[in-house]
Each structure stands twice: as C-alpha cells, then as structure tokens.
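Structural features, examined
These are the residues of each chain, in order.
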Amino acid sequence: MEAIVAALGGTAWTVVFFVIALSVIVFVHEYGHYIVGRWSGIHSEVFSIGFGPVLFSRTDRRGTKWQVAAIPFGGYVKFLGDVDASSVRSADVSGLSAEERRHTMAGAPLWARAATVAAGPVFNFILTFVLLAGLALAVGVPREEPTVGALRAFPYEGPSLVEGDVILAVDGQPTPDWATFNQVVDTVQDRTVLTYRVRRGGEELDVAGPNPRAPVVGEVQIRSAAMDAGLREGDVILKADGKDVRFFAELPEIVAAGKGAPVALTVWRDGQTFDLSLTPRIRTVDDGSGGFTERYLLGLYSGMFFEPAVRSVGPWEAVTGAAQSMWLMTTTTFSGLWHMIQGAISSCNLSGAIGMAETAGDAARNGAESFVGMLAILSLGVGILNLFPIPVLDGGHLVFHAYEAVTRHKPSERALRVLMTVGLTLVLSIMLFGLSRDLLCH
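Just so it is clear, the structure is predicted and the values come from calculations on it, not from any experiment.

**Examining the overall build of the chain**
In terms of helices and strands, the chain carries 11 helices and 18 strands. Overall, the C-alpha framework of the chain stretches about 85 × 50 × 45 Å when taken along its three principal axes. Residue burial in the chain is summarised as follows: out of 442 residues, 40% are buried. Total accessible area on the chain is roughly 22900 Å²; 62% of this is exposed by carbon and sulfur atoms. With 34 positive and 43 negative side-chain charges, the chain shows a spacing of 9 Å between the two charge centroids.

**Some points on helix α9 (residues 368-386)**
Helix length check: α9, at 19 residues, gives a terminal C-alpha distance of 27 Å against a target of 27 Å (1.5 Å per residue), a fit within 8%. Taken residue by residue, α9 has Phe371, Gly373, Met374, Leu375, Ala376, Leu378, Ser379, Leu380, Gly383, Ile384 and Asn386 as its buried positions.

**Here's the deal with the packing of aromatic side chains**
For the structure shown, the criterion picks out 12 aromatic pairs. Here the aromatic rings of Phe17 and Phe371 are separated by 5.5 Å at their centres, their planes lie at 75 degrees, and the arrangement is edge-to-face. Taken together, the positions of Phe17 in helix α1 (residues 2-39) and Phe371 in helix α9 put the pair 354 residues apart, joining distant regions of the chain. Their ring planes at 70 degrees and their centres at 5.0 Å tell us that Tyr34 and Trp66 sit as a pair that is edge-to-face.

**Looking at helix α8 (residues 353-365)**
Helix length check: α8 (13 residues) gives 19 Å between terminal C-alpha atoms against 18 Å at 1.5 Å per residue, within 8%. Listed as buried for α8 are Gly355, Ala357, Thr359, Ala360, Gly361, Asp362, Ala363 and Ala364. Within two residues after α8, Gly367 carries a phi angle of roughly 120 degrees, on the positive side.

**Re the sheet that holds strand β7 (residues 193-200)**
In a beta sheet, neighbouring strands pair by backbone hydrogen bonds and run either parallel or antiparallel. Strand order across the open sheet formed by 4 strands is β6-β5-β7-β8, with antiparallel pairing between neighbours. The sheet is open, and its two edges are formed by β6 (173-174) and β8 (203-210), each paired on a single side.

**Observations concerning the environment of Ala118**
For Ala118, the position within the fold is in helix α3 (residues 110-139). Residues Ala118 and His397, 279 residues apart in the sequence, show an inter-C-alpha distance of 8.9 Å.

**Some details on the pairing of strand β10 (residues 236-240)**
In the sheet, β10 pairs with strand β12 (residues 263-269) via 4 bridges, with the strands oriented antiparallel. Across the sheet, the residue bridging to Lys239 is Thr266, located in β12. Relative to strand β11 (residues 243-244), β10 is paired through 2 bridges, and the arrangement is antiparallel. Each residue of the ladder has a partner; that of Lys239, found in β11, is Asp244. In this antiparallel pair of consecutive strands, β10 and β11, the connection spans 2 residues, and Asp241 shows a positive phi of 55 degrees.

**A closer look at the packing of α3 against α9**
Geometrically, a packed helix pair is captured by the angle between its two axes and the distance between the axes. With their axes 8 Å apart at the nearest point, α3 and α9 run at an angle of 160 degrees to one another. As the angle between them shows, α3 and α9 are arranged roughly antiparallel. The handedness of the crossing between α3 and α9 is left-handed. The residues of α9 that touch α3, namely those facing Pro121, Asn124, Phe125, Leu127, Thr128, Leu131, Leu132, Leu135 and Val139, are Glu369, Val372, Gly373, Leu375, Ala376, Ser379, Leu380, Val382, Gly383, Ile384 and Asn386. Its residues assigned to classes, the contact of α3 with α9 comprises 13 nonpolar, 6 polar and 1 charged.

**A short note on the pattern of salt bridges**
Applying the stated criterion across every chain, the model contains 18 salt bridges. Residue Arg311 pairs with Glu317 through a salt bridge whose shortest N-O separation is 2.8 Å. In this structure Arg311 comes out as partly exposed when scored by relative accessible area, which is 23%. Glu317 gets classed as partly exposed once you look at its relative accessible area, which sits at 34%. Here Asp362 and Arg365 are joined by a salt bridge, their closest N and O atoms 3.1 Å apart. With a gap of 3 residues between them, Asp362 and Arg365 both fall in helix α8, about one helical turn apart. Among the residues examined, Asp362 registers a relative accessible area of 8% and is labelled buried. Among the ionic contacts, a cluster of salt bridges with common partners joins Glu144, Arg311 and Glu317.

**Re unusual backbone geometry**
Phi at Asp171 is positive, roughly 50 degrees, even though this residue is not glycine. Relative accessible area serves as the criterion here: at 24%, Asp171 is assigned to the partly exposed category. The phi dihedral of Arg408 falls on the positive side, at around 70 degrees, and the residue is not glycine. In this fold, Arg408 is placed in the loop between α10 (394-407) and α11 (413-440).

What counts and how
Residues numbered from 1 in each chain as written. Predicted model: local features only at pLDDT ≥ 70, side-chain atom pairs only at ≥ 80, totals over all residues. Heavy atoms only, no water. Helix = DSSP H or I, 4+ residues; strand = E, 2+ residues; numbered from the N terminus. Buried < 20%, exposed > 50% of the residue type's maximum accessible area, 1.4 Å probe, protein only. Areas by Shrake-Rupley, 256 points an atom, 1.4 Å probe, with all protein chains shown as cover. Lys, Arg positive; Asp, Glu negative; His and termini not counted. Charge placed at Lys NZ, Arg CZ, Asp CG, Glu CD. Expected span 1.5 Å × (residues − 1). Phe/Tyr/Trp six-rings, centres within 6.5 Å; stacked < 30°, edge-to-face > 60°. Pairing = 2+ DSSP bridges. Axes fitted to C-alpha atoms, helices over the stretch in contact; angles between N-to-C directions. Parallel < 35°, antiparallel > 145°, perpendicular 65-115°, else oblique. Left-handed = near helix turned anticlockwise from the far one by under 90°. Contact = heavy atoms within 4.5 Å. Nonpolar A, V, L, I, M, F, W, Y, C, P; charged D, E, K, R; others polar. Salt bridge = Lys/Arg side-chain N within 4 Å of Asp/Glu carboxyl O.

So, in structure tokens, the structure goes:
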C-alpha cells in the first residue's frame, strides 16, 4: 500500500510541475503573439491557456477574453477575423469597414502578420535568455582563486580544509586558478589524501585533506537510474560491484565493464552506510571530438568534498554568459537532431510528453535552480521547434508569408487546406513517435 501511495505521490508531483512548466512556456509564447499583434494593430479576441471547457475567463477593456481552460497542454491566441486559433483561414470580413479589416489578421499588412507570427518563438528565446541571466545573477560563479565554500559531509577524520580557505597549492604545486587546480589534481589521482597550502585568516598554513577526485556525487542527472534509486548530491560511493571505489573516475569504468548489468553500490550518507542496486541506462554522450557515442550510465556527476565558493556577477557578465549558453544549447540541439537523422545516435534521445513531464518532475526534485534551468532549456526547444517550416507551426506560417511577399498573393484556400492537413499529420506523427520513445526506451 505504501508503494502505491508513493507512486501516486510521485506521479502527482510530476504532473503538477509539468503543468507549471508548460503553462509558463505557453503563456510567454502566446503573449508574444498577442502583444506584438496588439502593437501592430491586430486585435485579439481570445487569449487562452489550455483547451476545452473554460474554467475561468475575464474580458479586458480592449475586448480581449483572457481564459484558462481545462486541458492545460497548450494554448492559443484567436485574432479578430480568424475562423479558428490557427490564424490561417479567415472568416468572411466583407461586411467590415476598411479600418475594421485592418484590425484583423487577414487584413493587416504583411509585415504586421509576419512580426506577430514570429513573436511567439522570439519570446521563448527571450524567456530562456532572461532565465539564464537571472540564474547567473542569483547563483553567481566560482571565484577565480580556488576557494572553499560549504563543506559536504565526508568520511574523513582529522583537521582539514574549512570554509573560506583559499587553496594556494596542492602537494607543493601552485594553484592560482581553477584550471590549474584541476590540472594539478589530475596528476595526483593515485593518492586519497593530499597536502593543501591554504591562506586562512591572513596566514598561510599546510593542511591535509581528501583528494578532490574522491567518489562524491556532485549532481544527480534527471531521468536517470540514480535519481530513481534515490541517490543525492553529496553521497559518497564506497563500493561498486564489491570493488572499493577510491576515486570517482573508477565508477564509470566499473559500470562500462558490466555492459548494462545491474551495479551494486555501497553508499555513505551523513555517517550512515546503505546498499543499492542500479541498472545502468544507455545514453548518448559527446565523444569529445564533435561526434557522439553511446555508454551505459548511472546518471551521476562527480563532485568534491567541498563546494567552490562563489562570487556575484554583474549584469554584463550575466548577459554575455547567458548568450554564450544559449548559443551552445542551440548548436548542441541541432547537432543532436542531425546525428539522429543520420542514424548516428539512437532515436531514444527524443522525448515525448511523458519524458518531458518526468524531466520537469525530476528537475523540481533537484531544487529551484535545476527547475529554472530545465525551464530555460525547454523554452528554447519550444522556440526552435515552432520555427520549423511545417504548416500549423509558426515556421510554416512564416513560409506562407514569404510566399506572399515573393508572389504578391496568398496561397489558395485549397492549397492551405492541404498543407495544413499535411502539417497537422506530421506534427501528430512526431508527437506519437516521441511518446513511443517514452514508452519503449529505458
């Protein structure tokens, strides 16, 4: 009975945070259409979050009906003169005056219609940018000098590093910055205890401490075997398949040797030791040379026995960092899609609604920072997807507008019907394929 309750609770958690994430992204996307349409002189009749029966509605002073509907998986803006929310087919507006027709989507200038359509994805990109910049401002970045932040619980006895220590050298090798610190630590991976030269309270002293490459969990990957098993940040892996684990780098080697077989772990957490059995999942990862490779992974990222101390960032640093992160995320997305089309990586890397829901729930379990980061990634993905030149998506609408700009006339009603049917079929097929990946891939 307890297992059933726990499962239901986990499902409810997943659904709630998926709905929250999707509602935020849909609202921003549709608000982009709405506000640019309003600025362009196109009147919005309905702004809806969700589909189906209306749960709540309010009409503002401009005559736009704002509503929340019962099915929360999407939303739309219906402009004046549209037959439906797609804004492709128009109702008969012959009875309207020229001024009234100007406020419809069909009667607006081409530039206004194109700007209104493009605004949805653009606002998704803006949301991603704002979230990433906001995270940088809120969380900060590691200080340039290797400095000890909060200490994690670790099975080590004796005097060691304390919060605020600035690490000047490791085993006699200077560490002026984090890059050098990592290089130095990589040269002493065969020793579990190291000597640190630190600056503490205005004086320099030598202290012993664990190797930073100890088997400490720095982060648990969402939708992974480790998260499902309940592993947490700060856990220390003592054994894997009966073998002592002295350094985190030994763990992937043990997992790979098992070729997908369950891995028995002995874990230390806050002074308590317990055993777990995890079945690795095959995942596609960057091979470091511009390609991808598949590996069996538990879903654990390495950490240190202390967290790096951070410093605040200024607005310019946050903005440039967000732009760089967005560029990396975009290029990685297109690279992954291209490799998937080529068959170089498995289609199991594609997620449908279930996968996205699990991602939202797991990210929320990891904390606010993880959830906001996931929201930024998902918003970017929605923006990119909507720019694909597929009828029913914003990219398809922009193609229609480009055709009109070149030929000086709109596509025929018959062509629009055919293209919209093809586009809808293609989108539904992609959604079903993604759902099949959620159900069939593990």
